[in-house]
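# Coordinate analysis (summary)
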Amino acid sequence: MKRPILLHPDPRLKKVCAPVADLSDDLRLLARDMLETMYDAPGIGLAAPQIGVLDRVIVLDCAKSDKDTPRPLVMVNPQIVAASDHASTYEEGCLSIPDQFADVTRPAEVSVRWLDTDGREQQEDFGGLWATCVQHEIDHLDGKLFIDYLKPLRRQMITRRMQKLKREMARG
Ligand code: NI
């Protein structure tokens, strides 16, 4: 089932999320809903707080082109265990901040450890767009948005645009 995506500014997007203690059927359902919501948006990543669930769960699939085989990943309690010294810059966006994009510089490669929905520990090295995306999504679990990397003026400008958009949406 598709879930509504919260839009910035929203206090729930600023919260530090709690680790998942119990790998339940509810969690598997949440993961399925998150993937459906992400693909429908369409987006390449989604974090649980973006649908108002303050648990440490993210989903991503950066196999963007139609020729690539889809690779849906669900990460429970993801942790970056190593990051490269060299950085890369990507123009980032966010489903909670629609139509706003900005360059963000992050480590170019990261090693991530997480639990899959069966409770098995997984670890993998990511580079390129996957590395940027997984770091962006893990940031969400700590209440951090990509605009927090920008200069205050730019961040305020985007936030004001979003406030205006939300007022217009509320008016219908
Ligand atoms: Ni995002």
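Presented here is a report on the structure given in the accompanying data block.

## Describing the coordination of the nickel ion
Six octahedrally arranged donors around a metal ideally form angles of 90 or 180 degrees; four tetrahedrally arranged donors ideally form angles of 109.5 degrees. The protein atoms that coordinate the nickel ion are Cys94 (SG), His136 (NE2) and His140 (NE2), at distances spanning 2.1 to 2.3 Å. For His140, a relative accessible area of 1% puts it in the buried group.

## Concerning helix α1 (residues 25-40)
For α1, spanning 16 residues, the distance from its first C-alpha to its last is 22 Å, which sits close to the expected 22 Å at 1.5 Å a residue. Among the residues of α1, Leu27, Leu30, Ala31, Asp33, Met34, Leu35, Thr37 and Met38 are the ones counted as buried. The inward-facing, buried residues of α1 abut β1 (45-47), β2 (57-60) and β3 (73-83). For α1, the side-chain oxygen to backbone nitrogen distance between the N-cap and Asp26 is 3.3 Å, and the N-cap itself is Ser24.

## Some points on the environment of Cys133
Among the structural elements, Cys133 can be located in helix α2 (residues 128-141). As for Cys133 and Pro49, which are separated by 84 residues in sequence, their C-alpha atoms are 16 Å apart. Setting aside chain neighbours within four positions, we find Cys133 in contact with Ile44, Gly45, Leu60 and Cys62.

## What about the environment of Phe101?
Checked against the element boundaries, Phe101 lands in the loop between β4 (87-92) and β5 (102-107). Using a relative accessible area of 45% as the deciding quantity, one classes Phe101 as partly exposed. Along the backbone, Phe101 and Phe146 are 45 residues apart, and their C-alpha atoms lie at a distance of 9.2 Å. For Phe101, the residues in contact, after removing those within four places along its chain, are Glu91, Glu92, Gly93, Phe146 and Arg154.

## As for the pattern of salt bridges
Tallying each qualifying case throughout the model produces 13 salt bridges. For the salt bridge of Asp139 with Arg106, the shortest nitrogen-to-oxygen distance reads 2.9 Å. Here Asp139 is found in helix α2, whereas its partner Arg106 is found in strand β5, with 33 residues between them in sequence. Take Asp139 and Arg106: they sit in the same class, and that class is buried. Two residues, Asp118 and Arg120, come together in a salt bridge whose shortest N-O distance is 3.3 Å. With relative accessibility at 53%, the residue Asp118 sits in the exposed group.

## Details of the side chain of Arg56
With respect to the secondary-structure elements, Arg56 resides in the loop between β1 and β2. Side-chain polar atoms of Arg56 contact the backbone oxygen of Leu141, separated by 3.2 Å.

## A look at the pairing of strand β7 (residues 121-126)
For strand β6 (residues 110-115) and β7, the ladder comprises six bridges, and the chain directions are antiparallel. Among the inter-strand pairings, Ser111 is bridged to a residue of β7, identified as Asp125. Remark: five residues form the turn of the hairpin made by β6 and β7, two consecutive strands paired antiparallel; Gly119 in that turn has positive phi of roughly 85°.

## Quick word on the sheet that holds β2
Adjacent strands of a sheet form backbone hydrogen bonds with each other and so pair up, either parallel or antiparallel. An order of β1-β2-β3-β6-β7 is seen for the five strands of this open sheet, with the pairing classed as antiparallel. Both outer strands of the open sheet, β1 and β7, are each paired with one neighbouring strand and no more. Shown here is a sheet whose adjacent strand axes are inclined to one another by a mean of 40°, direction ignored. With four bridges joining them, β2 and β3 adopt antiparallel strand pairing. Considered in β3, the bridge of Val57 is made with Val76. Lying on the sheet, α1 is in contact with β1, β2 and β3; it crosses β2 at an angle near 40°. Across the sheet, α2 lies against β1, β2, β3, β6 and β7, angled at about 155° from β2, the strand it touches most.

Reading the values: rules and limits
- Residues numbered from 1 in each chain as written.
- Predicted model: local features only at pLDDT ≥ 70, side-chain atom pairs only at ≥ 80, totals over all residues.
- Heavy atoms only, no water.
- Donors = N, O, S within 2.8 Å, 3.2 Å for Na, K, Ca; no water.
- Buried < 20%, exposed > 50% of the residue type's maximum accessible area, 1.4 Å probe, protein only.
- Helix = DSSP H or I, 4+ residues; strand = E, 2+ residues; numbered from the N terminus.
- Expected span 1.5 Å × (residues − 1).
- Contact = heavy atoms within 4.5 Å.
- Polar contact = N/O pair within 3.5 Å; in protein donor to acceptor, adjacent residues only side chain to side chain.
- Salt bridge = Lys/Arg side-chain N within 4 Å of Asp/Glu carboxyl O.
- Pairing = 2+ DSSP bridges.
- Axes fitted to C-alpha atoms, helices over the stretch in contact; angles between N-to-C directions.

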